[in-house]
Amino acid sequence: MRTALRALAATAAALLAVTALSPAAQARPEPRAPEEFVALRSVDPTIIQEMRYTTAHTFLGERVDGYRQPVCILTRPAARALQLAQKRLLRQGYSLKVYDCYRPQRAVDHFVRWAKDLDDQVMKDEFYPLVDKERLFEDGYIAEKSGHSRGSTVDLTLVRLPALPTRPYRPGEPLSPCFAPKGERFPDSSVDMGTGYDCFDTLSHTDDTRVQGLQRANRQFLKRTLTEVGFVNLPEEWWHFTFRPEPFPDTYFDFPVHRRPVAGH
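Just so we're clear, the structure is a prediction, and the values are computed from it rather than from any experiment.

How each quantity is defined
Residues numbered from 1 in each chain as written. Predicted model: local features only at pLDDT ≥ 70, side-chain atom pairs only at ≥ 80, totals over all residues. Heavy atoms only, no water. 1 Å grid on protein atoms, 1.4 Å probe; cavity = no way out; pocket = protein on both sides within 12 Å on 5 of 7 lines; lining within 4 Å. Points joined across faces, edges and corners; volume = space filled by probe spheres on them. Helix = DSSP H or I, 4+ residues; strand = E, 2+ residues; numbered from the N terminus. Nonpolar A, V, L, I, M, F, W, Y, C, P; charged D, E, K, R; others polar. Buried < 20%, exposed > 50% of the residue type's maximum accessible area, 1.4 Å probe, protein only. Polar contact = N/O pair within 3.5 Å; in protein donor to acceptor, adjacent residues only side chain to side chain. Contact = heavy atoms within 4.5 Å. Pairing = 2+ DSSP bridges. pLDDT = per-residue confidence, 0-100. Axes fitted to C-alpha atoms, helices over the stretch in contact; angles between N-to-C directions. Core = buried A, V, L, I, M, F, W, Y, C linked by side-chain atoms within 4.5 Å. Salt bridge = Lys/Arg side-chain N within 4 Å of Asp/Glu carboxyl O.

Asker: Looking at this structure, how should I read the layout of surface pockets?
Answerer: A probe matching the size of a water molecule, rolled over the atoms, marks out where space remains unfilled. A volume near 610 Å³ is recorded for the largest pocket. Forming the walls of the largest pocket are 33 residues, and the residues nearest its centre are G140, Y141, L234, E237 and H240. Of all the secondary-structure elements, those providing two or more residues to the lining of the largest pocket are α5 (105-116), β5 (153-160), β6 (231-233) and β7 (240-243). A per-class count over the lining of the largest pocket returns 13 nonpolar, 10 polar and 10 charged. What the second largest pocket holds in volume is close to 180 Å³. Broken down by class, the residue content of the lining of the second largest pocket amounts to five nonpolar, five polar and three charged.

Structure (structure tokens):
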């Protein structure tokens, strides 16, 4: 009997040791966002959200790592500045529409892995038709760090009200260049900015002289509206704006894009 009990105890101890070493037991809880981060919808529910990186309609052709839910997360000062801009725009018959907000470092790492895989060119015909993929780092389209990960940078556009929804992207559908005329490129509810979002081309430069007429006016309208509330535009991307001063100018966060990390903020 004693021998049997000793054997049973040894087996139980071994099982406990295996459990203690299992990945599930060792898994760390997901990091929470600092109190300074909020869901944009809790500050201004009228701003349209079309969070592209939770879908397959990206330059990668798949959902991006770290994007668990289609929720825009920003630092509170950036969100409040967008709220102020939105109030001004609504009076003029427009709305902001965000494509991307806070971006976890794991998503940036996903971009880097994709950029290094030169054989993966599934979405080239739409997002980078004139750019060799091996030049994405050199030309500045992909980097190992992103200001989005600091929480005060947002990618966005303007929508004329009443807003129409953007139709879902169907993986495998024929692709058109992101700089094609508005009626030919992937449909978007936004006003015509001359290119689509995330277009890897110099035509995406905010002040590119080849972009004229209504397209140029729309870009300048967006830039002027956001500049007046404290945002600074990235000259290479008409859609990219950073609120200044940034609450976290030197910190790159990695909590997932999900309601849970900002719950209760």
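So that's the structure; there's more coming.
Asker: Please clarify how the side chain of R150 should be interpreted in this entry.
Answerer: Relative to the helices and strands, R150 resides in the loop between α6 (124-127) and β5. The exposure class assigned to R150 is buried, which follows from its relative accessible area of 14%. At a separation of 2.9 Å, a polar atom in the side chain of R150 contacts the side chain of E246. One polar contact links the side chain of R150 to the main-chain carbonyl oxygen of P249, over a distance of 3.5 Å. The residues contacting R150, other than those within four sequence positions of it, are F37, T75, E246, F248, P249, D250, T251, Y252 and F253.

Asker: Looking at this structure, I do not really get the pairing of β7. What am I missing?
Answerer: Each regular strand carries side chains that alternate between the two faces of the sheet. Burial of β7 is two-sided: the residues H240 and T242 facing one way and the residues F241 and F243 facing the other way are all buried. Sheet topology note: the β5/β7 ladder contains three bridges and is antiparallel. From the neighbouring strand, T153 faces β7, where its bridge partner is T242. Here three bridges tie β6 to β7, and the two strands are oriented antiparallel to one another. Bridge pairing in β7 links N233 to F241.

Asker: Looking at this model, I keep getting lost on the confidence of the model for the protein chain. Mind explaining?
Answerer: Interpretation of this model should avoid reading the predicted coordinates in detail wherever pLDDT is low. Scored by pLDDT, the protein chain comes out at a mean of 91, with 89% of its residues at no less than 70. Across residues 1-26, where pLDDT falls below 50, the model places four contacts with residues more than four positions away in sequence or in other chains.

Asker: Explanation requested: the sheet that holds β6 in the structure shown.
Answerer: Whether parallel or antiparallel, the strands of a sheet pair through hydrogen bonds between backbone atoms. Pairing within the open sheet is mixed, and its five strands lie in the order β2-β4-β5-β7-β6. Strands with a single pairing partner mark the edges of an open sheet, and in this sheet they are β2 (48-49) and β6. Relative to strand β4 (residues 94-100), helix α4 (residues 76-90) is tilted by about 145 degrees, and along the sheet it contacts β4, β5, β6 and β7. Along the sheet, helix α7 (residues 213-227) makes contact with β4, β5, β6 and β7, crossing β5 at roughly 125 degrees.

Asker: Even after reading the chapter, I still don't get empty space enclosed by the protein, so can you show me in this structure?
Answerer: Overall, the coordinates contain one cavity of 30 Å³ or more when judged by the stated rule. Taken together, 19 residues form the lining of the largest cavity, with R185, F186, D188, G196 and Y197 sitting closest to its centre.

Asker: So what exactly am I meant to see when it comes to unusual backbone geometry here?
Answerer: Most of the time, phi is negative for any residue but glycine, and the peptide bond is trans. Look at the link from L161 to P162: it is a cis peptide, with omega at 0 degrees. Within the secondary structure layout, P162 lies in the loop between β5 and α7. A positive phi angle is found at D198, which is not glycine, with a value near 60 degrees.

Asker: What is the right way to read the environment of H148 from this model?
Answerer: Position of H148 relative to the elements: it lies in the loop between α6 and β5. Since its relative accessible area comes to 1%, H148 is described here as buried. When sequence neighbours within four positions are dropped, the list of residues in contact with H148 reads D100, C101, Y102, R103, T153, V154, D155 and H240. Within the local environment of H148, its side chain forms a polar contact with the backbone oxygen of T153, the two atoms lying 3.4 Å apart.

Asker: Hey, could you run me through the nonpolar core in this one?
Answerer: Residues L82 and F231 are the most contacted members of the largest nonpolar core, which totals 63 residues. Sort the elements by how many residues they give to this core and α4 lands first, with six residues. Beyond its immediate sequence surroundings of up to four residues, L82 is in contact with L40, I47, L74, L96, V154, L156, L226 and F231.

Asker: Is there a simple way to think about the pattern of salt bridges in this case?
Answerer: Pairing between side chains of opposite charge can happen when the charged atoms of each approach one another. Within the structure shown, the criterion is met by 17 salt bridges. As a salt-bridge pair, R103 and D100 come within 2.8 Å of each other at their nearest N and O atoms. Each member of the pair, R103 as well as D100, carries the same accessibility label: buried. The salt bridge involving E246 is made with R150; its shortest N-O contact spans 2.9 Å. Of this pair, E246 sits in the segment after β7 while R150 sits in the loop between α6 and β5, and the two are 96 residues apart along the sequence.

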